[in-house]
Amino acid sequence: MSHQKTAEQILELVGGEKNIQHVIHCITRLRFNLHDQSLAKQNKAKIEAIKGVMGVNVSGDQFQVIIGNDVPKVYEELTKIAHISSGSGGNGEKKKVNVISSIFDVISGSFTPLLPAIAGAGMIKGILAILAALNWVSPESQAYIILNAIGDGAFYFLPILLALSVAKKFGSNIYVAGAIATSLLHPTMTALLGAGEPVEFLGLPVTAVTYSSTVIPILLAIWLTTYVEKAFDRIIPSMLKLIFVPTFTLLVMVPVTLIAIGPLGTILGNWLSIGVDFLFEHTGILAGLLLGGTFSLIIMTGMHYALTPIIVNNLATKGYDMLIPHMLVANMGQAGAAFAVALRSKNRSFKSIAMSTSITALMGVTEPAMYGVNMRLKKPFIGALIGGAVGGAYFSAVGVKYFILGGNVGLPGLASFIGDTFFLALLGVPIAFIAGALATFLLGFDDIEEEETSEETVTETEPNKEVLSVTQEELVSPLKGQVVELKDVSDAVFSSEAMGKGLAIIPSEGKVVAPANGVITTLFATKHAIGIKTDNGAEVLIHVGIDTVQLDGKHFTAHIEQDATVKAGELLVEFDIEAIKEAGYEVVTPIIVTNTPEYTDITALKKDHVDRNEKLLAIS
């Protein structure tokens, strides 16, 4: 399935453009705020069935569609076809929402756009820490200073980045928000607050607060700024708005932040950090056991972003954090459980999926293993939670610390643990992995069974065509033309076999017929692509041309409708080859078995010219 089609189907099933208040994406999922979430909930199973979708999760007022590594591409297509931005979308009244859910949503929605900057800067800091530990670069060298500035800049000026993101989330002026944050971080302001002498503004005391790398003060400040800015906007005449709305907003909000919000935010952040310290100091191994064992559940809800202010405050005030290590062992537990499935499963194609997702989880991206393997089989997911719990208990017992805020909590992000507990952190990776794998072995699971084969006779449906005997493993050619391998198709979605295995045909005449008995599961409005599920379970996509969706159905004529039952050889679609070529599009037509993982082998039966209804693919 192309990213555009995935986006189109998701958009339709969440209730369309008008039902979207707000949409953003993180590393693996689309995060929707919808006017009427029930419209999407009732289509949950259909959304999960979309090719390219790994699962659906509902977290408070956020409807999350899990895509995986291709989420940026699906998001890009979604914003194109729905004419929405990450800041808004749709129309209609907003419903009342739960206060706690709203707070989590603001934190999550504000931090998600910053992930690329934080991830990149964090990796640079991690690499620099390795270079320094190996004495390959001196902390006094100019190279170190420059690299440190590159890695540390995003974190030192995090309040500015966060101010822009929060303002966009609330719909206020992002540049005024940025100006507030820059005032707090201005060198003269920093020097004044750090001088150790009493500071006043118009007779009111200003508490000395260090704002670099902080989170909660700027979150609260920009939230209040939204209301102050709107109030000034209502009372100031239109001809004066451009100058006086931002002027008065700055004059009010910078002092208010310095006098009240900054100290309050700092106190809240410190209390949260103290709470975390109390948890680990007084409950010890139990805290690690519970946190490591439940972190995967927290990740599923997407609420791990709500912990970011605590983590950032810990790093800024103490120089280390003890929450992120438990996310690491939770990820390793998922990887270990998927690895156990790969070793124990008798289904060859599912073994391959489990092994590849185990490796992905080791790299810090757990959704494919979590949703595609462990949760699908149920018991391995329990094994993964046990692995995380064992790893968390170990980390809590030995006091593993996390020193650098990076963007990856997997093997590539281990550099963020460089410090006095680094080698203890390294040992925790195999502990959680092995515990997850061993627990999965002991719990067992109901394996995915191999597909049985059966035969079915197909009757002739086009005149002057040979009557064929087609088995479940055989598909006939839907077109007449030259056979080419998928790797030779110019579209990477097809040539990479990301959608499944098969082949392509350069058609010599513009007719598409059914490759087997079955049901038309998909017929796009543009008529250029047809999905068929055969009576024996094969899911086949016939995609006429490359990028021909842009023709919007022009030069195509459909002879069937969606959900129609068809026979092998029955005419489905006609198209004008020359007109399509003149419009600037290729007519090469991929024929894909989209449920390839359910089969062990897909073999081409023709490698040169093929006629319609000739045997084309063998599936076993």
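Residues numbered from 1 in each chain as written. Predicted model: local features only at pLDDT ≥ 70, side-chain atom pairs only at ≥ 80, totals over all residues. Heavy atoms only, no water.

K.L.:
Please clarify how the overall build of the protein should be interpreted in this entry.
P.N.:
A count of helical and extended segments in the protein gives 21 helices and 22 strands. Across the protein, every contact between residues at least 6 apart in sequence was considered, and the portion connecting residues at least 24 apart equals 72%. Total accessible area computed for the protein in this model is approximately 27700 Å², and 60% of it derives from carbon and sulfur atoms. (Helix = DSSP H or I, 4+ residues; strand = E, 2+ residues; numbered from the N terminus. Contact = heavy atoms within 4.5 Å. Areas by Shrake-Rupley, 256 points an atom, 1.4 Å probe, with all protein chains shown as cover.)

K.L.:
Explain the pattern of salt bridges here, please?
P.N.:
If charged atoms from side chains of opposite charge come close, those side chains can pair. According to the stated counting rule, one finds 11 salt bridges in the structure shown. Across the pair Lys44 and Glu48 runs a salt bridge whose closest N-O atoms are separated by 2.9 Å. Of this pair, Lys44 and Glu48 both sit in helix α3 (residues 44–48), four residues apart, which is roughly one turn of the helix. Its relative accessible area of 33% is what places Glu48 among the partly exposed residues. (Salt bridge = Lys/Arg side-chain N within 4 Å of Asp/Glu carboxyl O. Buried < 20%, exposed > 50% of the residue type's maximum accessible area, 1.4 Å probe, protein only.)

K.L.:
Any chance you could explain the packing of aromatic side chains here in plain terms?
P.N.:
Aromatic ring pairs are defined here through the distance separating the ring centres and the angle between the ring planes. This structure, assessed with the given rule, holds nine aromatic pairs. An angle of 75 degrees between the planes, with centres 5.7 Å apart, marks the rings of Trp223 and Tyr227 as edge-to-face. Here Tyr227 and Trp223 lie together in helix α11 (residues 216–235), a separation of four residues that amounts to about one turn. Given the relative accessible area of 41%, Trp223 is considered partly exposed. Over the ring of Tyr320 we find Lys401; its NZ or CZ atom is 4.6 Å from the centre of that ring. (Phe/Tyr/Trp six-rings, centres within 6.5 Å; stacked < 30°, edge-to-face > 60°. Lys NZ or Arg CZ within 6 Å of the ring centre and 35° of its normal.)

K.L.:
Help me understand unusual backbone geometry in this model?
P.N.:
Only a minority of non-glycine residues have a phi that is not negative, and only a minority of peptide bonds are not trans. Within the chain, His555 stands out as a residue other than glycine whose phi angle is a positive 75 degrees. A positive phi angle, near 75 degrees, is found at Asp563, a position not held by glycine. Turning to its location among the elements, Asp563 is positioned in the loop between β16 (556–558) and β17 (565–566).

K.L.:
Got a minute to help me understand the packing of helix α1 (residues 3–13) against helix α4 (residues 71–82) in this structure?
P.N.:
Helix packing geometry: the angle between the two helix axes and the distance between the axes. Their axes nearest at 8 Å, the elements α1 and α4 cross at an angle of 60 degrees. Between α1 and α4, the angle is such that the two are oblique. Considering only the axes of α1 and α4, their crossing is right-handed. On α4, the residues touching His3, Gln4, Thr6, Ala7, Glu8, Ile10 and Leu11 of α1 are Lys73, Val74, Glu77, Leu78, Ile81 and Ala82. Of the residues assigned to the contact of α1 with α4, the class counts are seven nonpolar, three polar and three charged. (Axes fitted to C-alpha atoms, helices over the stretch in contact; angles between N-to-C directions. Parallel < 35°, antiparallel > 145°, perpendicular 65-115°, else oblique. Left-handed = near helix turned anticlockwise from the far one by under 90°. Nonpolar A, V, L, I, M, F, W, Y, C, P; charged D, E, K, R; others polar.)

K.L.:
Hey, could you run me through helix α18 (residues 379–398) in this one?
P.N.:
Helical geometry note: an α-helix holds 3.6 residues per turn, so side chains three or four residues apart project in the same direction. Taking 1.5 Å as the rise per residue, α18 with 20 residues should run 28 Å; its terminal C-alpha atoms sit 29 Å apart, in good agreement. In terms of residue burial, α18 counts as a mostly covered element, since 14 of its 20 residues are buried. One or two steps after α18, the chain reaches Gly399, where phi turns positive at roughly 70 degrees. (Expected span 1.5 Å × (residues − 1).)

K.L.:
What exactly am I supposed to notice about the sheet that holds strand β10 (residues 481–485) here?
P.N.:
Sheet strands associate in pairs through backbone hydrogen bonding, adopting either a parallel or an antiparallel arrangement. Read across the sheet, eight strands follow the order β17-β13-β14-β15-β19-β11-β10-β21 without closing on themselves; strand pairing throughout is antiparallel. Each edge of the open sheet carries a strand with a single partner, namely β17 and β21 (609–610). Pairing geometry for strand β13 (residues 518–523) and β17, over two bridges, is antiparallel. Directly across from Val519, in β17, lies its bridge partner Thr565. (Pairing = 2+ DSSP bridges.)

K.L.:
Would you mind going over the pairing of strand β2 (residues 29–34) with me for this structure?
P.N.:
Regular strands place side chains that alternate from one sheet face to the opposite one. In terms of burial, β2 is largely enclosed, as six of its six residues are buried. Burial along β2 is two-sided: Arg29, Arg31 and Asn33 facing one way and Leu30, Phe32 and Leu34 facing the other are all buried. By the bridge criterion, five bridges tie strand β1 (residues 20–25) to β2 in an arrangement that is antiparallel. Note on β2: the bridge partner recorded for Val23 is Phe32. As judged from the four bridges shared by β2 and strand β4 (residues 62–66), these two strands associate in the antiparallel manner. Bridge pairing in β4 links Leu30 to Val65.

K.L.:
Would you mind showing me how to read the packing of helix α15 (residues 324–344) against α18 here?
P.N.:
Across the interface, α15 lies against α18 with an axial gap of 7 Å and an inter-helix angle of 140 degrees. In terms of axis orientation, α15 runs oblique to α18. When the axes of α15 and α18 are compared, the crossing they make is right-handed. For the pair α15 and α18, the contacting residues are Pro325, His326, Leu328, Val329, Ala330, Gly333, Gln334, Ala337 and Val341 in the first and Pro380, Phe381, Ala384, Gly387, Gly388, Gly391, Gly392, Phe395 and Ser396 in the second.

K.L.:
Help me out: how do you make sense of a nonpolar patch on the surface in this one?
P.N.:
Where nonpolar side chains cluster on the molecular surface, the patch consists of Met239, Leu240, Leu242, Ile243, Phe244, Phe248 and Leu251 and spans about 770 Å² of accessible area. With respect to the secondary-structure elements, Met239 resides in helix α12 (residues 238–283). Here Met239 falls in the exposed class, since its relative accessible area comes to 76%. (Patch = residues over 30% accessible without salt bridge, like charges linked within 9 Å, V, L, I, M, F, W, Y side chains within 5 Å.)

K.L.:
So what exactly am I meant to see when it comes to the confidence of the model for the protein here?
P.N.:
Caution is warranted with low-pLDDT regions, since their predicted coordinates should not be read in detail. In this model, the protein carries a mean pLDDT of 81, and residues with pLDDT of at least 70 account for 86%. The least confident element of the protein is strand β7 (residues 455–457), whose mean pLDDT is 37; the most confident is helix α19 (residues 422–443), at 94. (pLDDT = per-residue confidence, 0-100.)

K.L.:
Just to check I follow, could you spell out the environment of Lys46 for this structure?
P.N.:
In this structure, Lys46 sits in helix α3. Residue classification places Lys46 among the exposed positions, given a relative accessible area of 54%.

K.L.:
Before we go on, may I ask you to explain the sheet that holds β16 in this structure?
P.N.:
Ordered in space as β12-β18-β16, the three strands form an open sheet in which the pairing is antiparallel. Here the strands that pair on one side only, and so sit at the sheet edges, are β12 (511–513) and β16. Neighbour-to-neighbour, the strand axes of the sheet open up by a mean angle of 20 degrees, direction not taken into account. Of the pairings in the sheet, the one linking β12 to strand β18 (residues 571–575) comprises three bridges and is antiparallel in character. Looking at β18, one finds that Val512 is bridged to Val573.

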